[in-house]
Amino acid sequence: LITHNMLTSNIKGVQEGFPLGIQAEKVEIVESEFSPEFIQNMLPKLEFDAFVAAAKELGVTDLPAAADIDDAMRQDEAFLQKVHHALLDVHLIDGSLVCPETGRLFPVKEGIPNMLLHEDEV
């Protein structure tokens, strides 16, 4: 989901290309080493509400809304582990990313999103 939080639809004429929706066909959980410092440094860089929505589309439902995060939570290891899990351990393997404005599907195969535009979309 870390990559998803940085992707946008660049179709010609699209004003609201972020956040992309997710249609998951295959999701994998691959545990990675937890680094509280990394997650703390990533929090200000994330569009957190878009991250939470994407996590829900992949089955992660225990993250709070951005407005509910305070300084104490940013130091809370249990909260940081939940963010770590959704951000780095949950992987969309196969499915599609969906432009929020046009509904255009961008396929994801083997974890790689194909964001190439058709000639009439450039």
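Residues numbered from 1 in each chain as written. Predicted model: local features only at pLDDT ≥ 70, side-chain atom pairs only at ≥ 80, totals over all residues. Heavy atoms only, no water.

Mapped onto the elements, S9 comes out in the segment before β1 (21-29). A relative accessible area of 4% places S9 in the buried class. Residue contacts for S9: discarding those within four places in its chain leaves V14, G17, L20, C99 and F106. (Helix = DSSP H or I, 4+ residues; strand = E, 2+ residues; numbered from the N terminus. Buried < 20%, exposed > 50% of the residue type's maximum accessible area, 1.4 Å probe, protein only. Contact = heavy atoms within 4.5 Å.)

A full pass over the atoms with the stated rule returns two aromatic pairs. A ring pair is formed by F48 and F79, whose centres lie 6.4 Å apart and whose planes are at 40°; its orientation type is tilted. A residue pair is termed long-range when its members are at least 10 positions apart, and F48 in helix α2 (residues 48-57) and F79 in helix α4 (residues 77-89) qualify at 31 residues. On the basis of relative accessibility, which here comes to 7%, the residue F48 falls in the buried class. For F79, a relative accessible area of 4% puts it in the buried group. Members of the aromatic cluster, each reached through a chain of ring pairs, are F48, F51 and F79. (Phe/Tyr/Trp six-rings, centres within 6.5 Å; stacked < 30°, edge-to-face > 60°.)

Here Q23 shows up in strand β1. In this view, Q23 contacts D94, G95, S96, V98 and L105; residues no more than four positions away in its chain are not counted.

Attention now moves to the sheet that holds strand β2 (residues 90-98). Strand order across the open sheet formed by four strands is β1-β2-β3-β4, with antiparallel pairing between neighbours. Sheet topology places β1 and β4 (112-113) at the edges, where each strand pairs with a single neighbour. Here strand β3 (residues 105-109) runs beside β4; their pairing, made up of two bridges, is antiparallel. From the neighbouring strand, V108 faces β4, where its bridge partner is P113. Along the sheet, α4 contacts β1 and β2; its crossing angle with β2, the most-contacted strand, is approximately 65°. (Pairing = 2+ DSSP bridges. Axes fitted to C-alpha atoms, helices over the stretch in contact; angles between N-to-C directions.)

This next bit is on unusual backbone geometry. The general pattern is negative phi for most residues beyond glycine and trans for most peptide bonds. Following F18, the chain continues to P19 via a peptide bond in cis, the omega torsion being -5°. With respect to the helices and strands, the residue P19 is situated in the segment before β1. For E110, which is not a glycine, the phi torsion comes out positive at approximately 55°. With respect to the element layout, E110 can be found in the loop between β3 and β4.

With that settled, consider the pairing of β3. Alternating residues of β3 divide into F106 and V108, all buried, and L105, P107 and K109, none buried. Count of turn residues in the β2/β3 antiparallel hairpin: six residues, of which G103 carries a positive phi of about 80°.

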